[in-house]
Amino acid sequence: MPTKHGAFVFWIFCLPQYTRISRLSPPNLFALEKIHNYINGQLVAAQSGDWLDNYEPATGQVYSLIPDSDASDVQAAVAAAEAAFPAWSSCGVHERYRILHRIADLIEERLEPFAQAESRDSGKAITTARTVDIPRAQANIRFFATAILHFGAESHQMEGQAVNYTLRQPIGVVGCISPWNLPLYLFTWKIAPALATGNCVVAKPSELTPMTAYLLSQICIEAGLPAGVLNILHGLGPKAGQAIVEHPKTKAISFTGGTSTGRILARTAAPMFKKLSLELGGKNPNIIFADCNFEEAVSTTVRSSFANNGQICLCGSRVYIERSIYEKFRDELVRRAKALKTGDPADPTNDLGALVSEQHRAKVMGYLDIAKQEGGILLCRGEIVRPSDELANGYYLSPAIIEGLPNHCRTNQEEIFGPVVTLQPFDTEAEALALANDTEYGLAATLWTQDISRATRMAERLQSGIVWVNCWMLRDLRTPFGGVKSSGVGREGGVEALRFFTEAKNVCVKY
Ligand code: NAD
């Protein structure tokens with residue numbers, strides 16, 4: 001949790017930043033120490049003048065400050081968005097397409113400084129930021145800029161009587177709130193469809209990873225996005241985020257984050273009859289049958305377990321392996337996990353960087369203690385790593401693989417969201433299905449088998465919003481994305497997002 005400082009102590013807290021900035025600093029253009037809100041086309045401080053520390057996970061040092069925004073900043077952002085709405089919603093899809101494409105072009109041109117900023121801010125390995133986060137952020141914007149050109153609506157004829165046609169109209173001012181694990185990637189995944197459909201947006205990135213959203217606000221100004229169309233506020237969830245959800249003028253809220261936060265949002269938004277999209281936590285099963293392509297299954301399971309330090313909502317955290325190959329698969333997975341390098345996120349030879357915060361590493365390590373108390377055997381220990389003296393206070397943790405736990409224990413039921421997986425053997429398809437579904441979550445599942453009938457059968461019966469067969473994280477942006485049970489409500493992606501961010505109006509014309 002960022003700590004808070006009044007504006008007058010700003011310079012004291014700037015000092016560590018200047019000592020650190022040499023190691024990973026992006027070019028001067030982006031070497032910005034004080035992150036600002038983007039409201040009504042301007043980069044501004046919080047009205048209170050208060051700032052929060054922003055930590056660099058690689059070093060554990062404060063390296064920049066973010067505005068500690070509150071309801072008064074949200075009010076200013078909503079007022080700007082309301083004022084911008086009539087022009088933005090009526091400027092035409094080609095104009096919105098043109099500006100959004102320009103924004104995507106600028107991100108693409110600056111991939112490297114964006115990737116460095118993302119890696120520094122979140123602790124993720126630079127290679128992940130370069131190859132996943134930033135390319136996908138620009139792709140999100142491009143995808144929805146183009147999708148709006150092809151977005152159609154239905155027409156229903158009543159023979160001889162009337163014709164009905166559906167208008168899909170923008171909602172007005174909408175709120176978008178995103179988490180820290182894929183910062184710009186998930187931020188753009190929300191704001192791009194909201195803007196493309198003609199809404200004006202008040203958005204908040206996570207207080208733990210604000211930097212690339214700030215860089216995006218600079219790019220929006222450069223790209224000529226009209227003032228007030230997109231407003232980006234920084235600050236704490238229960239304060240700035242809650243104020244966005246509570247504001248009577250934000251008519252829809254698109255949220256990605258933890259399940260417990262989703263519950264709070266739902267309690268606030270439901271009595272106000274807001275449209276709500278909730279993308280929440282997961283505890284994803286990864287089911288490996290003996291007839292799988294062993295090499296592909298094991299190499300992808302290494303990725304699906306430890307990519308981004310295991311901090312992806314889609315990571316498989318419960319690996320179920322058919323008993324006849326259990327030992328072979330386990331031993332190979334452990335061997336490869338032990339070979340992964342955890343260290344300085346800026347070093348492209350490292351596979352894992354630092355976890356996002358001290359608090360989060362403590363939470364993940366707490367689960368390793370729980371696993372031991374529950375009788376688990378740690379095959380791969382999950383240890384604190386100190387890559388160098390300079391990085392000794394960073395939040396590093398090596399991969400952990402645990403076996404010997406029953407399905408109902410806390411380690412197998414609660415979301416850990418770190419580089420930790422458990423292994424369990426199974427004997428039959430029915431048992432694998434029952435184990436996989438035995439959780440409150442239902443986001444994604446992965447199946448490894450060469451038997452197409454079994455894959456189809458299982459895919460139908462798995463309680464999850466996404467099923468990958470013989471692959472993982474293969475994403476087509478046109479497909480529906482989201483979870484069932486406690487993993488969320490609603491779907492993002494493709495036409496689902498365009499529908500969420502529009503209101504359907506039926507017009508019935510009598511002949
Ligand atoms: P979080 O719920 O703590 O925070 C998410 C965002 O909500 C942040 O911007 C935060 O400031 C804000 N927030 C917190 N309290 C709020 C409130 N009362 N009102 C409004 N906004 C509030 O989640 P996190 O720790 O940032 O992210 C990790 C979680 O996100 C994990 O549970 C992970 O599974 C989930 N996640 C889900 C998906 C998905 O697509 N389903 C994708 C990524 C992450």
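Thresholds applied
Residues numbered from 1 in each chain as written. Predicted model: local features only at pLDDT ≥ 70, side-chain atom pairs only at ≥ 80, totals over all residues. Heavy atoms only, no water. Helix = DSSP H or I, 4+ residues; strand = E, 2+ residues; numbered from the N terminus. Buried < 20%, exposed > 50% of the residue type's maximum accessible area, 1.4 Å probe, protein only. Contact = heavy atoms within 4.5 Å. Polar contact = N/O pair within 3.5 Å; in protein donor to acceptor, adjacent residues only side chain to side chain. Axes fitted to C-alpha atoms, helices over the stretch in contact; angles between N-to-C directions. Left-handed = near helix turned anticlockwise from the far one by under 90°. Salt bridge = Lys/Arg side-chain N within 4 Å of Asp/Glu carboxyl O. Near = heavy atom within 4 Å. Areas by Shrake-Rupley, 256 points an atom, 1.4 Å probe, with all protein chains shown as cover. Nonpolar A, V, L, I, M, F, W, Y, C, P; charged D, E, K, R; others polar. Domains from an automatic or database assignment. Pairing = 2+ DSSP bridges. Parallel < 35°, antiparallel > 145°, perpendicular 65-115°, else oblique. Core = buried A, V, L, I, M, F, W, Y, C linked by side-chain atoms within 4.5 Å. Expected span 1.5 Å × (residues − 1). Phe/Tyr/Trp six-rings, centres within 6.5 Å; stacked < 30°, edge-to-face > 60°. Lys NZ or Arg CZ within 6 Å of the ring centre and 35° of its normal. Lys, Arg positive; Asp, Glu negative; His and termini not counted. Disulfide = S-S within 2.5 Å.

Turning our attention to the environment of Glu440. When you line up the elements, Glu440 lands in the loop between helix 14 (429-437) and strand 18 (444-448). Taking relative accessible area as the criterion, Glu440 reaches 37% and is therefore assigned partly exposed. Each C-alpha atom, one on Glu440 and one on Val484, is 9.1 Å from the other, the two residues being 44 residues apart in sequence. In contact with Glu440, not counting residues within four places along its chain, are Arg263, Gln413, Lys485 and Ser486. Polar contacts involving the side chain of Glu440 include one to the side chain of Ser486, which spans 2.6 Å.

The next thing to look at is the packing of helix 8 (residues 237-246) against helix 9 (residues 259-269). Where helix 8 contacts helix 9, the axes come no closer than 9 Å and their chain directions differ by 35 degrees. The way helix 8 lies across helix 9 gives a crossing that is right-handed. Residues Gln242, Val245 and Glu246 of helix 8 pack against Ile264, Leu265, Thr268 and Ala269 of helix 9.

Let's shift gears to the pattern of salt bridges. In this structure the tally under the stated criterion is 26 salt bridges. A salt bridge links Glu358 to Arg361, with the nearest nitrogen and oxygen atoms 3.6 Å apart. Here Glu358 pairs with Arg361, and both are found in helix 12 (residues 358-373), just three residues apart, close to one helical turn. Among the residues examined, Glu358 registers a relative accessible area of 46% and is labelled partly exposed. Ionic pairing is found between Asp476 and Arg478, a salt bridge with its closest N-O pair at 2.6 Å. Beyond isolated ion pairs, a larger network of salt bridges with shared partners links Glu295, Glu332, Arg335 and Arg336.

The environment of the ligand is formed by 29 residues, the closest being Ser178, Glu207, Thr261, Leu280 and Glu415. A distance of 2.8 Å separates an oxygen atom of the ligand from a polar side-chain atom of Trp180. For the ligand, the accessible surface in isolation is 850 Å², of which the surrounding protein chains cover 90%. For the shell around the ligand, the secondary structure elements donating two or more residues are helix 8, strand 11 (250-256) and helix 9. When residues of the shell around the ligand are assigned to their parent elements, the largest contribution, four residues, is made by helix 8. Considering only residue class, the shell around the ligand consists of 14 nonpolar, 11 polar and four charged. Looking at which domains feed residues into the shell around the ligand, each of domain 1 (1-151 + 167-280) and domain 2 (284-479) supplies at least three.

Along strand 8 (residues 173-177), five of the five residues are buried, which leaves the element largely enclosed by surrounding structure. Judged by which residues are buried, strand 8 turns out to be covered on both faces: Val173, Gly175 and Ile177 on one side and Val174 and Cys176 on the other are all buried. Here five bridges tie strand 8 to strand 9 (residues 200-204), and the two strands are oriented parallel to one another. Within the sheet, the bridge partner assigned to Ile177 lies in strand 9 and is Lys204.

This part takes up the packing of helix 4 (residues 111-122) against helix 7 (residues 211-223). Where helix 4 contacts helix 7, the axes come no closer than 8 Å and their chain directions differ by 150 degrees. Put simply, helix 4 runs roughly antiparallel to helix 7. Residues Phe114, Ala117, Glu118 and Asp121 of helix 4 touch helix 7, and the partners they reach there are Met211, Thr212, Leu215, Leu216 and Ile219. Among the residues making up the contact of helix 4 with helix 7, the classes are represented as six nonpolar, one polar and two charged.

Let us now look at the nonpolar core. Counting 95 residues, the largest nonpolar core has Ile103, Val201, Leu216, Leu230 and Leu314 as its most contacted members. Tallying contributions element by element places helix 6 (residues 183-196) first for this core, with 10 residues. Residue-level mapping places this core at the junction of two domains, with at least three residues from each of domain 1 (1-151 + 167-280) and domain 2 (284-479). If we skip the residues at most four places from it in the chain, Leu230 touches Tyr38, Ile191, Leu195, Val201, Ala203, Cys220 and Leu225. One finds Phe329, Leu340, Val421 and Trp448 within the second-largest nonpolar core, a separate group that totals 21 residues.

What follows deals with helix 7. The terminal C-alpha atoms of helix 7 lie 19 Å apart, and with 13 residues this matches the ideal 18 Å at 1.5 Å per residue to within 8%. Burial analysis of helix 7 places 11 of its 13 residues in the buried class, the great majority of the element. Count one or two residues on from helix 7 and you reach Gly224, which has phi positive near 85 degrees.

Attention shifts here to the packing of aromatic side chains. The final tally for this structure, using the stated rule, is six aromatic pairs. A centroid spacing of 4.9 Å and a plane angle of 85 degrees characterise the contact between Phe143 and Phe144, whose relative ring orientation is edge-to-face. The interplanar angle of 80 degrees and the centroid separation of 4.9 Å between the aromatic rings of Phe500 and Phe501 together place this pair among those described as edge-to-face. For the pair formed by Phe500 and Phe501, the shared burial category is buried. One aromatic cluster in this structure is built from Phe143, Phe144 and Trp189. The ring of Phe500 carries the charged tip of Lys275 above its face, separated from the ring centre by 5.4 Å.

For helix 14, the full list of buried residues reads Ala432, Leu433, Leu435, Ala436 and Asn437. If you follow the buried residues of helix 14, they end up packed against strand 13 (284-288), strand 14 (316-322), strand 17 (420-426) and helix 15 (452-461).

Here the focus is the side chain of Lys283. Note on placement: Lys283 falls in the loop between strand 12 (275-279) and strand 13. Here Lys283 occupies a buried position and makes no salt bridge, while the nearest side chain of opposite charge, Glu414, is found at 8.0 Å. Here Glu414 takes part through its backbone oxygen, which lies 2.7 Å from a polar atom of the side chain of Lys283. For Lys283, the residues in contact, after removing those within four places along its chain, are Ser317, Arg318, Thr411, Asn412, Gln413, Glu414, Glu415, Ile416, Thr439 and Tyr441.

So, about the state of the cysteines. Structurally, a disulfide amounts to a covalent bond that connects the sulfur atoms of two cysteines. Under the counting rule described, the total for this entry stands at zero disulfides. No disulfide involves Cys292; its nearest neighbouring cysteine sulfur is the one of Cys471, lying 14 Å away. Residue Cys292 is classed as buried on the basis of its relative accessible area, which comes to 11%. Cys380 provides the cysteine sulfur closest to Cys409, a residue in no disulfide bond, and the two sulfurs are 18 Å apart. According to the relative accessible area criterion, Cys409 is buried, its value standing at 6%.

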